[in-house]
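# Structural features, examined
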Amino acid sequence: MNPIDQPTIDRYPTSLRALHWVRAVLVLGLLWAGWHMTGLNDEVASKYEFYYPWHKSFGVLTLLLILTQIVLRWRAPSIPQPLETLAPYERVLSRLTQRVMYALLVIVPLMGYSMSSTYTMSDGVFFFGVNLPELLAKNDDWFVVFQWLHKVLAYTLLGLITLHVVGALKHRFYDPDPRNDVLRRML
């Protein structure tokens, strides 16, 4: 049988695959909630009583998960590398997209934490009922900067997630070489 007919599956470790999918659901939920809650009128009580506290809690949880994932990835004996069957530009784009996504998955929640910490009207950052310490001084000028960064970087992350998903689907359904199906590595 031709080796092209029998693709090998070089999977990520189970812990990284599980964290990937849990984090994916959380990040997409946070992006939706952030977009939705900022669009609500300030008179809507749930905006500040429900959406903001839960957005902050799940944002901190997601940050903790990504940090755990980075440590597990760093300590893993072997991590699948971009497939040699991909075009060189696809391997470079894959590595670059993945690295920038990891960076943004850390930076975006840190900017959100910085927003809550610096905003003079904020009660702080709650993590499922526990009030986390505010490490930055209250300063509405800095709040505006962190708010802008949080928003722009979150939309950048959404764009990279879209590229990531479209790339995985392209390799799964449109590449003539079945060995390029990178999605199988995360299933």
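With an unreviewed UniProt entry as reference, the protein is termed Cytochrome b/b6 domain-containing protein, source organism Pseudomonas asgharzadehiana. Per UniProt, the comment on the protein under Subcellular location (unreviewed entry) is "Cell membrane". Per UniProt, the comment on the protein under Cofactor (unreviewed entry) is "heme b".

## Thoughts on the side chain of Asp 175
Residue position: Asp 175 is located in the segment after α4 (140-173). A distance of 2.7 Å separates the side chain of Asp 175 from the side chain of Lys 170, its partner in a polar contact. At 2.7 Å, the side chain of Asp 175 and the side chain of His 171 are in polar contact. In contact with Asp 175, other than residues within four places in its own chain, are Leu 86, Lys 170 and Asn 180.

## Topic: unusual backbone geometry
The phi dihedral of Phe 128 is positive, around 50 degrees, even though this residue is not glycine. Its relative accessible area of 36% is what places Phe 128 among the partly exposed residues.

## Regarding the UniProt feature "transmembrane region" (unreviewed entry) in the protein
Using the residue numbers shown here, the UniProt feature "transmembrane region" (unreviewed entry) corresponds to residues 21-38, 58-76, 96-115 and 152-169. For residues 21-38, the helix share is 100%, the strand share is 0%, and the end-to-end C-alpha distance is 26 Å. Across residues 96-115, the secondary structure splits into 100% helix and 0% strand, with the terminal C-alpha atoms separated by 28 Å.

Analysis parameters
- Residues numbered from 1 in each chain as written.
- Predicted model: local features only at pLDDT ≥ 70, side-chain atom pairs only at ≥ 80, totals over all residues.
- Heavy atoms only, no water.
- UniProt positions renumbered as here; feature names shortened; annotations may be inferred.
- Helix = DSSP H or I, 4+ residues; strand = E, 2+ residues; numbered from the N terminus.
- Polar contact = N/O pair within 3.5 Å; in protein donor to acceptor, adjacent residues only side chain to side chain.
- Contact = heavy atoms within 4.5 Å.
- Buried < 20%, exposed > 50% of the residue type's maximum accessible area, 1.4 Å probe, protein only.

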